Number of protein chains: 2
Amino acid sequence: MTTNSSLISIQRSTDTKKKPPQDQLGFGIYYTDHMFVMDYSVGQGWHDPRIIPYQPLVLDPAAKVFHYGQTIFEGLKAYKTADDRIQLFRPRDNFQRMNRSNDRMSVPELDIDMAMAALEQLIAVDREWIPSLEGTSLYIRPFVIATQPTLGVAPSEHYQFIIIMSPVGAYYPEGINPVKIHVESDYVRAVPGGSGEAKTAGNYASALKSQQAAKEQGYTQVLWLDGKQHKYIEEVGSMNVFFKIGGTVYTPALTGSILHGITRDSVIRLLKHWGIPVEERMLAIDELYEAGRNGTLEEAFGTGTAAVISPIGEMNWNGEKLIIGEGKTGQLSKSVYDTLTGIQTGAVADPFGWTQQVEVIGK
Amino acid sequence: MTTNSSLISIQRSTDTKKKPPQDQLGFGIYYTDHMFVMDYSVGQGWHDPRIIPYQPLVLDPAAKVFHYGQTIFEGLKAYKTADDRIQLFRPRDNFQRMNRSNDRMSVPELDIDMAMAALEQLIAVDREWIPSLEGTSLYIRPFVIATQPTLGVAPSEHYQFIIIMSPVGAYYPEGINPVKIHVESDYVRAVPGGSGEAKTAGNYASALKSQQAAKEQGYTQVLWLDGKQHKYIEEVGSMNVFFKIGGTVYTPALTGSILHGITRDSVIRLLKHWGIPVEERMLAIDELYEAGRNGTLEEAFGTGTAAVISPIGEMNWNGEKLIIGEGKTGQLSKSVYDTLTGIQTGAVADPFGWTQQVEVIGK
């Protein structure tokens, strides 16, 4: 493997697309003019790193990704600062997590320096696509798919690592406002020993049915309980989750079925930096409801790359409703959101070394 | 939706492939000259059913199948009888199961009559690809993939239903011989409330790591225990599993995390037809080992479309080895194998109405 980014070939698009208005971006709808692709074959390793015009993938219908789901993805964002710099937020952590997911799903490891070089060059090529309107960013989707066209159930001998990018608006267009959450008592997202820690497609597919049922009842997201006892809180939708109870902030411990969120880790470190007590531990849903009833549950919020912070104003567990913080965005949720998005966009100083500049040569 | 098969357009390949030698087919390596494709869009439903030359799929890199794994598959076989007829084995059951999987994974339902018409026409077009050597068959892989190119986590608004076909040899080229099984104590395949009952890609991807570890230790397959207590037997590899103990045949009950195998159901019905007692119930691994130690465990075998019957000669659970039936293929396993494959290939009468002829008009 090589970390020499000069080995990445670049084929520029001759037919650049019209950029959508920055106030109508939505999430993951428009894509930039280029993409990064690199191939893997057993014996040869990762090879032929290239930036090419954004284009369809041409895959044999027997490619293993369609049948046995060997695929990993990541999500991160690039931001345009007020003084026109380009910033990434903890990008190496995404590729490190990608390699942990790869290991779980029997996908070959990526060279992180190579992935970083690919990402930075792709951003430089498509830098005009980074939106600057408040709340917008360039969402980056690295992913790996198994491409070997054989139907035996075994790890693929061929893969592609691909990066696509999409200019996105604020995740909740109406701004940071509390959402209603349905506590899922029947369906299960993950169980220790399963693939819940990995950012792999199957986890998301099996969550859709519960999510749709919740939506039909007027809930934005689902709160997942553990797969063994349906008792301990795990995640909310595809976000990690935090609760402020009696002055202390609690978040479920990483017990083997919960995604290792980078925003989750950032929130924990930010709270500690502020001197606010944070505990990572098993948190039972009835304990949470008890705190809600006795008035010590002050705030609740989800954390993830897409929405950053998503306050929770109401929960419903087997028909019992719990209103949190009078259904309004809590002070701490707001502070965490403002600080994290401030650091991400360069408006707030970054004492943690989380942000990374993308250098554009010949800009 | 329509069941009028005359609406299926057929574009014949002008560049037919060379057929591989029937004694070197392997499993899922070669594909026939044609494939079936049908599209789905919200509002329009399933439309444009067509048989076209086997060709790559051209998909946006943002297609949901690559990211959120909304994909379902099935597996069944077509057989050439000694008198040159073409037989399918319980094909409607596959499409019915496909619709149950579709429901679990928020994929739109298929019209089963339409799917059957598509399958029969495709087989008729590629009938020369059905091998006739003993142990060979035409493996059929229907599958659905989500194709909408948007990154929001939600059910896709566009899908493709595809059927590809592959001439295959005997699953175990050395014939029906007992395999060694590793009992998995750490990794988990599925849990009630999860997607274990659905034939969806993610279940297979997350099983690979355990399978690879078992292979490295000389085991052919993994025996999965339940995800809650790691105590009850669920499946072996991607097969259902049966144990003959003291004259009665036991197989794990369908408790919500086990695939509803069509071969499993056929074996149960065949055994009952023969007057052999069969029980579907929870079966603990320590109960099985106790039966092994006290000499009442007579036979064990896996069941699935690919291998039909796969006898188990040895198991290893946390280092404790259990030899079953002196490591040889049991009498009942052999009878079940011979009878089922006999029915499938037309060599044995079918009192169950399981086989279905494919009529080739103008043959």
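Residues numbered from 1 in each chain as written. Chains lettered and ligands numbered in written order. Predicted model: local features only at pLDDT ≥ 70, side-chain atom pairs only at ≥ 80, totals over all residues. Heavy atoms only, no water.

**Here's the deal with the UniProt feature "modified residue: N6-(pyridoxal phosphate)lysine" (unreviewed entry) in chain A**
Residues and elements named next belong to chain A. Filter applied, for reference: UniProt positions are given in the numbering used here, feature names are shortened, and annotations may be inferred rather than shown by experiment. Helix and strand assignments follow DSSP, with helices taken as H or I runs no shorter than four residues and strands as E runs no shorter than two, numbered in order from the N terminus. Each residue is placed in one exposure class: buried if its accessible area under a 1.4 Å probe, protein chains only, is under 20% of its type's maximum, exposed if it is over 50%, and partly exposed if it falls in between. We call two residues in contact when some of their heavy atoms are within 4.5 Å.
Taking the UniProt record as the reference, the feature "modified residue: N6-(pyridoxal phosphate)lysine" (unreviewed entry) is found at Lys199. The topology assignment puts lysine 199 in the loop between strand S10 (179-183) and helix H4 (201-205). Classification of lysine 199 as buried rests on a relative accessible area of 9%. With residues near it in sequence (within four places) discarded, lysine 199 still touches Thr71, Ile72, Phe73, Glu74, Gly75, Arg97, Ser101, Tyr204 and Leu259.

**Re the side chain of aspartate 226 of chain B**
Residue and element names in this part refer to chain B. Note the cut-off: The charge count treats Lys and Arg as positive and Asp and Glu as negative. His and the chain ends do not count. By definition, a salt bridge exists where a carboxyl oxygen of Asp or Glu is found within 4 Å of a side-chain nitrogen of Lys or Arg. Two N or O atoms form a polar contact when they lie within 3.5 Å of each other; inside protein one atom must be a possible hydrogen donor and the other a possible acceptor, and for residues adjacent in sequence the pair counts only when both atoms belong to side chains.
Secondary-structure assignment places aspartate 226 in the loop between strand S11 (221-225) and strand S12 (233-236). One buried charged residue, aspartate 226, remains without a salt bridge, the closest side chain of opposite sign being lysine 228 at 7.6 Å. Separated by 2.8 Å, the side chain of aspartate 226 and the backbone nitrogen of lysine 231 make a polar contact. The residues contacting aspartate 226, other than those within four sequence positions of it, are Lys231, Tyr232 and Glu234.

**Comments concerning the pattern of salt bridges**
Residues and elements named next belong to chain A. Tallied over the entire structure, the rule returns 42 salt bridges over all chains. Here glutamate 326 and lysine 328 are joined by a salt bridge, their closest N and O atoms 3.6 Å apart. A relative accessible area of 66% means that glutamate 326 is categorised as exposed. The exposure class of lysine 328 is exposed, given its relative accessible area of 54%. Measuring nitrogen to oxygen at the nearest pair gives 2.9 Å for the salt bridge that ties lysine 334 to aspartate 338. One end of the pair, lysine 334, and the other, aspartate 338, are both in helix H8 (residues 331-345), four residues apart, so they sit about a helical turn from each other. Residue aspartate 338 is classed as partly exposed on the basis of its relative accessible area of 35%. Overlapping salt bridges bring together Arg90, Asp93, Asp265 and Arg269 as one network.

**Notes on the packing of helix H6 (residues 262-273) of chain A against H8 of chain A**
Residues and elements named next belong to chain A. The condition that has to hold: Working convention: axes come from line fits to C-alpha atoms, limited for helices to the stretch in contact. Angles between N-to-C directions cover 0 to 180 degrees. Note on angle classes: values under 35 degrees are labelled roughly parallel, values over 145 roughly antiparallel, values of 65 to 115 roughly perpendicular, and the remainder oblique. Charged residues are taken to be Asp, Glu, Lys and Arg, nonpolar residues to be Ala, Val, Leu, Ile, Met, Phe, Trp, Tyr, Cys and Pro, and polar residues to be all remaining types, Gly included.
Running from N to C, H6 and H8 point in directions that differ by 110°, and their axes come no closer than 11 Å. Comparing the axis directions of H6 and H8 gives the class roughly perpendicular. Side by side, H6 and H8 meet where Thr263, Ser266, Val267, Leu270 and Leu271 of the first sit next to Leu332, Val336, Thr339 and Leu340 of the second. Across the contact of H6 with H8, the residue classes break down as six nonpolar, three polar and no charged.

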